Number of protein chains: 2
Amino acid sequence: MAFETLITNGIIITVNADFEIIYNGAVGIAGGRIAYVGPAADVPGETASTPHIIDADGGLVMPGLVNTHTHLPMSLFRGLADDIPLDRWLNNHIFPAEQKHLRPETVKWGALLSCAEMLLSGTTTCCDGYFFEDAVAEALSEAGMRAVLGQGVIDFPAPGLPDPGANIQHAVDFARKWKNRSPLILPSIFCHSPYTCSAKTLVSAKQAAKRENVLFQVHVAETRNEPDLAGLPPGRSPVKYLESLGVLDADTLAVHAVWVDMDDLSILVRNNVKISHNPESNMKLASGISPVGAMIDCGLVVGLGTDGCASNNNLDMFSEMGTAARLHKVSRKDPTVMNAEKVIRMATIEGARAIGLGDRIGSVETGKEADLVVVDIRQPHLLPLYHPVSHVVYAARGGDVRYVMINGNLLVSNFRLTQLDGKDIMARVNAVAKNIRFSDRDECRP
Amino acid sequence: MAFETLITNGIIITVNADFEIIYNGAVGIAGGRIAYVGPAADVPGETASTPHIIDADGGLVMPGLVNTHTHLPMSLFRGLADDIPLDRWLNNHIFPAEQKHLRPETVKWGALLSCAEMLLSGTTTCCDGYFFEDAVAEALSEAGMRAVLGQGVIDFPAPGLPDPGANIQHAVDFARKWKNRSPLILPSIFCHSPYTCSAKTLVSAKQAAKRENVLFQVHVAETRNEPDLAGLPPGRSPVKYLESLGVLDADTLAVHAVWVDMDDLSILVRNNVKISHNPESNMKLASGISPVGAMIDCGLVVGLGTDGCASNNNLDMFSEMGTAARLHKVSRKDPTVMNAEKVIRMATIEGARAIGLGDRIGSVETGKEADLVVVDIRQPHLLPLYHPVSHVVYAARGGDVRYVMINGNLLVSNFRLTQLDGKDIMARVNAVAKNIRFSDRDECRP
């Protein structure tokens, strides 16, 4: 067997059905796919003739991380305003900044900055929703990253979209444009939420998503007062409401799903709705704690996500894994819940399933597309190594990612970006941010 | 004015009383102390004649982080067992491993590993309690780190201490040995907890601490069932119990203080007890959420800590800051609590105060001993920079620390240890861990 690339001398966290760990393992890549996973000693053929050999130096080889909820260009607003109430944060800072500063060019630079951050911290796939999503798609294409992307639909004038009435058509146009355009980009439709979209909008957007055969993303039950904000009658939860509209099915990604009760849970299960869990954003905005332990126990597919940089304030999935593992233990008063294995699944294979890519990525198995990460463990904070899964969740940081491969292409090598020009991106973002800082000056500190 | 070292071109987060931020700032160091803090343009004397000039490259210059609760040698057990109930974790893994593997040499290598991790992630001072504390003190001395260290007192045979009756004398001997031995090491007495020490032990240990004029560290109210474990009568909380024994005063550091009610809070305030808050350990062990917001509002001095590596599983104070900021927001259902400034104070000046070093370190002010950290911000995940305090808490990671100075000595330069031999320490720890792994093999996975 001839490989293009061989990753050797690693501990492979396969995330296959048995969650097999292979010590002294190797992964062979051919045609952008994983062609061999197993002991380094058993690699078929002549190792020496493989064009590219990556020595993992005893590090952890795992599936690329899947971030199931981002608003990539919002990295432009990272740390613009924190520690203030949600309405003030949105109305005095985020919405005005979006209206004032978003253009296709600024959106693209923000998205490229996010790509750089994601790549350097081991994320290979994201599921994004925002405005000017065409510019986001261009950024991801340039970065060589895998993504599911949805143009935002919302019932008020949005950046680049003064007429809300045209939003669904715009989202459909985006979906059609990016269908079959790139092997790594899957279009989607991102309908903002039950409190920013009317029933009519929600239904039309979902019908359009069905017609286009794409994922339907929607924020659901993020905050406790969402039923009020959405004008729902007493006793009608956002989940019940969405089910009544017919927008809940296996191709709907319910983002957040914090305020769900047992009835809502059975609705989600009955409709096989996919869930994106964003613990750090939910904590920082004081939204609440999603009962994802129960969701997983009920068989729901739950992926992990960071949310946008304005409410996190980073895209680091390692940090997100650690937070998820610890938060649910203290919340459920049980140190055995949300163990490291479950959290890694949530950040890889379950995330991939949640966004419709479970057959293609999310595990290190032959036949899958080669999205891989190598974590360096030759560092004081990652010693000793008793259990690799423990280190991934409780000790490793985004900065420990040494190699990142997407679809067989090496995009991070020895901690450095190979394809993106990080310096140029940072200079461009700083130029954009200069204007944002200036206009936000009047109320920039809480 | 002649400086030995000048840090220039930085954004200085002073953590002084006004929490002043100085853009384009400089810090001059002379005689191990901070001799100038202010605009780079106003540095007195000839900058060019300063022997050592550190260019912060626009990065953040802040006080060295103070970790108020560690068990440094427990890095040897990092990830040995996770996600299992506390009693099984302690009785089947940690206690046996401690009994079997701890000797002065192994403790020292574990402590040195922790020193390397702390330095590389910006911690300059720790407050530690463990067994073989003499070996821990030697490790910290070799590392050039600042610390408050207590030999452990506990009512059952402990590593190196088969006779519990001799424990207090042993702790006193340690305190006397290390008094005035090193300008950076302050001895202390670490009395484990109300459930592992009798009333007599608690009282004698506190009296000894008073006689020696050292800090008294004690775990208090960590878990909900601590009153039962300690055999307290109904209605008597651990805090009430300790007050009745006379061990609560301004030189007592109450570690964890998770299960405290309003009565306990007033007792802590009345006695001016210092608090060490360890959110990640409390979350991972599912102990609970300490009401530190209320504590700070009541005027208590609360420092931040990581706890030992076996229950965290890292010593990264940046991660701990992010967790503290987010956890209390969601727990109090209020995004305005525990803002970034408050959290930075907790990790610096308040931590210093909590362990009796508030006059010497914890802020960037003239006259203070020069414990400083420079955070690199030329990275995608730290752009743009609107508010430096936001980045420290919500976006920076331990690995972003570029320079670390303790008492005027540069111990990390351009992300590398200058004094410790990281490679040798890691090799030694791996050799120790090999034996631990072997003996823990029978029940190593949850």
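Reading the values: rules and limits
- Residues numbered from 1 in each chain as written.
- Chains lettered and ligands numbered in written order.
- Predicted model: local features only at pLDDT ≥ 70, side-chain atom pairs only at ≥ 80, totals over all residues.
- Heavy atoms only, no water.
- Helix = DSSP H or I, 4+ residues; strand = E, 2+ residues; numbered from the N terminus.
- Rg over C-alpha atoms; globule rule 2.2 N^0.38 Å.
- Buried < 20%, exposed > 50% of the residue type's maximum accessible area, 1.4 Å probe, protein only.
- Contact = heavy atoms within 4.5 Å.
- Areas by Shrake-Rupley, 256 points an atom, 1.4 Å probe, with all protein chains shown as cover.
- Lys, Arg positive; Asp, Glu negative; His and termini not counted.
- Charge placed at Lys NZ, Arg CZ, Asp CG, Glu CD.
- Domains from an automatic or database assignment.
- Buried area = accessible area lost by both parts, 1.4 Å probe.
- Salt bridge = Lys/Arg side-chain N within 4 Å of Asp/Glu carboxyl O.
- Polar contact = N/O pair within 3.5 Å; in protein donor to acceptor, adjacent residues only side chain to side chain.
- Nonpolar A, V, L, I, M, F, W, Y, C, P; charged D, E, K, R; others polar.
- Least-squares fit on C-alpha atoms with pLDDT ≥ 70 in both.
- Pairing = 2+ DSSP bridges.
- Axes fitted to C-alpha atoms, helices over the stretch in contact; angles between N-to-C directions.
- Core = buried A, V, L, I, M, F, W, Y, C linked by side-chain atoms within 4.5 Å.

> Would you mind going over the overall build of chain A with me for this structure?
Secondary structure assignment for chain A yields 15 helices and 17 strands. Radius of gyration (C-alpha) of chain A: 21 Å, near the 22 Å computed for a compact globule of 446 residues. Expressed as lengths along the three principal axes of its C-alpha atoms, the size of chain A is roughly 65 × 50 × 45 Å. Out of the 446 residues belonging to chain A, those deemed buried represent 64%. In chain A, the share of contacts with a sequence separation of at least 24, taken over all contacts with a separation of at least 6, comes to 73%. Surface summary for chain A: the accessible area is close to 14,800 Å², and the carbon and sulfur share equals 50%. If the 40 positive side-chain charges of chain A are averaged to one point and the 50 negative ones to another, these points end up 3 Å apart.

> Mind showing me how you'd approach the domain arrangement of chain A here?
The figure often quoted for interface size is the accessible area lost as the parts come together. Residue and element names in this part refer to chain A. For chain A, the assigned domains are domain 1 (5-63 + 371-417) and domain 2 (65-354). Summarising the inter-unit geometry, the C-alpha centres of domain 1 and domain 2 are found 29 Å apart. Tallying the contact residues gives 27 residues for domain 1 and 28 residues for domain 2. Note on domain 1 versus domain 2: buried area summed over both sides is about 2,200 Å², and carbon and sulfur give 70% of it. A per-residue breakdown of the area domain 1 buries against domain 2 is headed by Val393, Tyr394 and Ile406, which together make up 26% of the total. If you look at where domain 1 meets domain 2, you find one salt bridge. Of all the secondary structure elements, the ones that give two or more residues to the side of domain 1 that touches domain 2 are strand E5 (60-63), strand E14 (372-375), helix H14 (388-394), strand E15 (401-406), strand E16 (409-413) and strand E17 (416-417). Counting residues per element, the side of domain 1 that touches domain 2 draws most heavily on H14, which supplies five residues.

> Teacher, can you tell me more about the interface of chain A and chain B here?
Contact residues are listed per partner, giving 65 residues for chain A and 65 residues for chain B. Both sides together, the interface formed by chain A and chain B hides about 5,400 Å², and carbon and sulfur atoms give 62% of it. Among the residues of chain A in contact with chain B, Asp83, Arg326 and Tyr386 of chain A are the three that bury the most area, contributing 14% of the side total. Residue Arg326 of chain B pairs with Glu280 of chain A through a salt bridge whose shortest N-O separation is 3.7 Å. Scanning the region where chain A abuts chain B turns up 29 residue pairs in polar contact (both at pLDDT 80 or more). If you list the elements that add at least two residues to the side of chain A that touches chain B, you get helix H2 (104-120), helix H9 (279-284), helix H11 (317-332), helix H12 (340-347), H14 and helix H15 (422-440) of chain A. Looking at the side of chain A that touches chain B element by element, the count peaks at six residues for H15 of chain A. Split by residue class, the side of chain A that touches chain B holds 30 nonpolar, 18 polar and 17 charged.

> Is there a simple way to think about the relation of the copies chain A and chain B in this case?
There are two copies of the chain, and a rotation about an axis plus a shift along that axis relates them. It takes a turn of 180 degrees to lay chain A on chain B, together with a shift of 0.0 Å along the axis; the resulting RMSD is 0.0 Å. Taken together, the rotation and translation relating the two chain copies correspond to the operation of a two-fold axis. In terms of C-alpha distance to the rotation axis, chain A has Gly399 of chain A as its closest residue, with the C-alpha 3.3 Å off the axis. Mapped onto chain B, 100% of the interface residues of chain A are again interface residues, and the two copies thus contact each other with one and the same surface.

> Got a minute to help me understand unusual backbone geometry in this structure?
Residues other than glycine predominantly adopt negative phi, and peptide bonds predominantly adopt the trans conformation. Residue Pro384 of chain A is reached from Leu383 of chain A by a cis peptide bond, and omega for that bond is -15 degrees. With respect to the element layout, Pro384 of chain A can be found in the loop between E14 and H14. A positive phi is found at Ala286 of chain A, a non-glycine position, where the angle reads about 60 degrees. Along the chain, Ala286 of chain A falls in the loop between H9 and helix H10 (292-297). We note that Asn213 of chain B has phi near 60 degrees; this positive angle belongs to a residue other than glycine. Mapped onto the fold, Asn213 of chain B is located in the loop between helix H5 (199-212) and strand E10 (215-220).

> How should the sheet that holds strand E7 (residues 123-130) of chain B be read in this particular structure?
Strand pairing within a sheet occurs via backbone hydrogen bonds; the two strands may be parallel or antiparallel. Residue and element names in this part refer to chain B. The eight strands lie next to each other as E6-E7-E8-E9-E10-E11-E12-E13, forming an open sheet whose pairing is parallel. Unpaired on one side and paired on the other, strand E6 (65-70) and strand E13 (302-304) mark the two borders of the sheet. Strand-to-strand twist across the sheet, computed as the mean angle between neighbouring axes with direction ignored, equals 25 degrees. Bridging between strand E9 (residues 185-191) and E10 involves four bridges; their strand directions are parallel. Of the residues in E10, the one forming a bridge with Ile189 is Phe216. Packed onto the sheet, helix H11 (residues 317-332) meets E6, E7, strand E12 (274-277) and E13 and runs at close to 80 degrees relative to E6.

> I tried to follow the nonpolar core on my own but got confused; where do I start?
Burial of nonpolar side chains together is a common tendency in soluble globular proteins. All names here are of chain B. The biggest cluster of nonpolar side chains holds 126 residues, and the ones touching the most others in it are Phe77, Leu140, Ile189 and Met321. Tallying contributions element by element places helix H2 (residues 104-120) first for this core, with nine residues. Mapped onto the domain boundaries, this core takes at least three residues apiece from domain 1 (5-63 + 371-417) and domain 2 (65-354). Once residues lying within four places of it in the same chain are set aside, the contact partners of Ile189 are Gly150, Gln151, Val153, Ala171, Val172, Ala205, Ala208, Ala209, Val214, Leu215, Phe216 and Gln217.

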